[in-house]
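Fold and geometry: a report
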Amino acid sequence: MNGKPLVYLDSAASAQKPRAVIDALTAAMEGSYANVHRGLHTLANETTEAFEAARETVARYLNATSADQIVWTRGGTEAINLVAAGVGQSLQPGDEILVSQMEHHSNIVPWHMLRERHGAVLKWIPVKDDGTLDMEAYAELLGPKTRVVAVTHMSNVLGTLNPVADIVRLAHAAGARVLVDGCQGAVHADPDVQAMGCDWYVLTGHKLFGPTAIGALYGTAEALESLPPYQGGGEMIQSVSEDRVTYAKPPQRFEAGTPPILEAIGLGAALTWYSTYDRAAVQAHEAALLERVRERLSGLNWLTEIGTAPGKGAIFTFTVDGAHAHDIAQIMDRYGVAVRAGLHCAEPLATRFGLTSSTRASFALYNTVEDADAFAAALIKAREFFV
Ligand SMILES: *Cc1c(COP(=O)(O)O)cnc(C)c1O
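In this report, we go over the structure that sits alongside the text. As the structure is a computational prediction, the values presented were derived from the model and not from experiment.

1. Brief notes about a nonpolar patch on the surface
Together, Val240, Val245 and Tyr247 make up a nonpolar patch on the protein surface, roughly 260 Å² of accessible area in all. Within the secondary structure layout, Val240 lies in strand S9 (residues 237-240).

2. Section: the site of the ligand
Taken together, 13 residues surround the ligand, and among them Thr77, Asp181, Gln184, His206 and Lys207 come closest. Residue Gly76 places a main-chain N or O atom 3.2 Å away from an oxygen atom belonging to the ligand. Between the ligand and the protein, one listed contact pairs an oxygen atom with a side-chain N or O atom of His206 at 2.7 Å. Its free accessible area being 380 Å², the ligand has 87% of it covered by the protein chains. Its residues assigned to classes, the shell around the ligand shows one nonpolar, ten polar and two charged.

3. With respect to the environment of Val245
Structurally, Val245 can be placed in strand S10 (residues 245-247). By relative accessible area, Val245 is classed as partly exposed at 36%. C-alpha separation for the pair Val245 and Gly143, spaced 102 residues apart in sequence, amounts to 37 Å. When residues no more than four places from it in sequence are discounted, the contact partners of Val245 are Ile237, Ser239 and Val240.

4. Some points on the pairing of strand S3 (residues 96-100)
Burial within S3 is extensive, with five of its five residues counted as buried. Along S3, one buried face is formed by Glu96, Leu98 and Ser100 and the opposite face, lined by Ile97 and Val99, is buried too. As a crossover connection, the stretch from S3 through helix H4 (residues 109-118) into strand S4 (residues 121-125) is right-handed. Pairing between S3 and strand S5 (residues 146-152): four bridges, direction parallel. When the bridges of S5 are listed, Val99 appears paired with Ala150.

5. What about the packing of helix H1 (residues 19-30) against helix H10 (residues 261-274)?
Two numbers describe how H1 lies on H10: the axes approach to 8 Å, and their chain directions differ by 145 degrees. The way H1 lies across H10 gives a crossing that is right-handed. Along the contact surface, H1 presents Ala20, Val21, Ala24, Leu25, Ala28 and Met29, while H10 presents Leu262, Ile265, Gly266, Ala269, Ala270 and Trp273. Its residues assigned to classes, the contact of H1 with H10 shows eleven nonpolar, one polar and no charged.

6. Focus on the environment of Gly86
Among the secondary structure elements, Gly86 is positioned in helix H3 (residues 76-88). The class for Gly86 is buried, based on a relative accessible area of 5%.

7. Considerations on the packing of aromatic side chains
Evaluation of the coordinates by the stated rule reveals nine aromatic pairs. Centre to centre, the rings of Phe51 and Trp72 are 5.8 Å apart; their planes meet at 40 degrees, and the pair counts as tilted. Linking Phe51 in helix H2 (residues 42-61) with Trp72 in strand S2 (residues 70-73), this pair joins segments that are 21 residues apart in sequence. Residue Trp72 is classed as buried on the basis of its relative accessible area, which comes to 2%. When the ring of Phe209 is compared with that of Tyr366, the centres are 5.8 Å apart and the planes differ by 85 degrees; the resulting orientation is edge-to-face. Of the two residues, Phe209 sits in the loop between strand S7 (200-204) and strand S8 (215-219) while Tyr366 sits in the loop between strand S15 (358-362) and helix H14 (369-384), which places them 157 residues apart along the sequence. A relative accessible area of 30% means that Tyr366 is categorised as partly exposed. Members of the aromatic cluster, connected to one another through ring pairs, are Phe209, Trp273, Tyr274, Tyr277 and Tyr366.

Reading guide: rules and limits
Residues numbered from 1 in each chain as written. Predicted model: local features only at pLDDT ≥ 70, side-chain atom pairs only at ≥ 80, totals over all residues. Heavy atoms only, no water. Patch = residues over 30% accessible without salt bridge, like charges linked within 9 Å, V, L, I, M, F, W, Y side chains within 5 Å. Areas by Shrake-Rupley, 256 points an atom, 1.4 Å probe, with all protein chains shown as cover. Salt bridge = Lys/Arg side-chain N within 4 Å of Asp/Glu carboxyl O. Helix = DSSP H or I, 4+ residues; strand = E, 2+ residues; numbered from the N terminus. Near = heavy atom within 4 Å. Polar contact = N/O pair within 3.5 Å; in protein donor to acceptor, adjacent residues only side chain to side chain. Nonpolar A, V, L, I, M, F, W, Y, C, P; charged D, E, K, R; others polar. Buried < 20%, exposed > 50% of the residue type's maximum accessible area, 1.4 Å probe, protein only. Contact = heavy atoms within 4.5 Å. Right-handed = clockwise from strand over helix to strand, strands pointing away. Pairing = 2+ DSSP bridges. Axes fitted to C-alpha atoms, helices over the stretch in contact; angles between N-to-C directions. Left-handed = near helix turned anticlockwise from the far one by under 90°. Phe/Tyr/Trp six-rings, centres within 6.5 Å; stacked < 30°, edge-to-face > 60°.

Rendered as structure tokens:
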């Protein structure tokens, strides 16, 4: 990249695709492709089988009890909008939604829309200086009016891993449902929905080494059943007449129209590929890369790491005194190092930390110790432009 070996440290924005995914997509297009469900011909049946097998792969990946608990969506964003839109239809003005200050805009704006449209009250779970959630404040915020708690499994800026099982336990005791945004957690943490006990869990394909325009919503049977349809169209109905429509059961109720067939098959291939690696070993590898970066950059008085929660995921977000985050990212790109800069779709969090932007390096299993060293070296060189 720019005459240097590529050091890709932007996997939290989108991950690179393994050969297994590229091959699965090609095979699905070349070998056996048709629309799903509708046909009674061989190609349609084969495609349907591959598509439903991918749904089962997602269910296994999340330790769901049934593939019927997995709804295909166009990404993490659509999955959260689906839940929020459904919840909105039974909200009373004054009902409360709890979100944390570290949420991605995808897990904020759909709830803001409920505030605008249905008179919901948004309450914010504060984030402490080290990037951990203030669990005491959270417990205080819960009350009889809390309908939903919407929190991220892992912050895409701070790397913080939230104590989701505790969050769920407290919410359920208060009679609220919990949506967990797993767009990062499903990649870097343990996305065991039964262990977490959450009502809904959201993942996005392109950060899990799969294609874009595919995601999944997990829900318990009861939580999915509580939601009305999201969009209307083919395949989500039981029957339609001139004056009446009845809807299919979940998950089909939420899958109007031709679904992202190839993308679902590609995501299934990505999860199958990723699952061949030992999860604990991947996490240990990523943690070692973060430690390496911190060692290389320790003691620099011009550098501030944003988010230092114990045991956090391998995301290194930082500011450089006297330099704009975008300039740092652009100079690092000249050294072949791809990092992201800006608000990272988490403006309330930036505001919480008094920042207008920051730079982020995010690691995945394919990154190496050499990548960590190249990042540290490029950052030190980039900073010299501002001295
Ligand atoms: C990327 C991301 C999203 C949004 O996912 P899309 O793929 O853009 O729909 C939501 N939450 C978090 C934490 C993310 O990192």
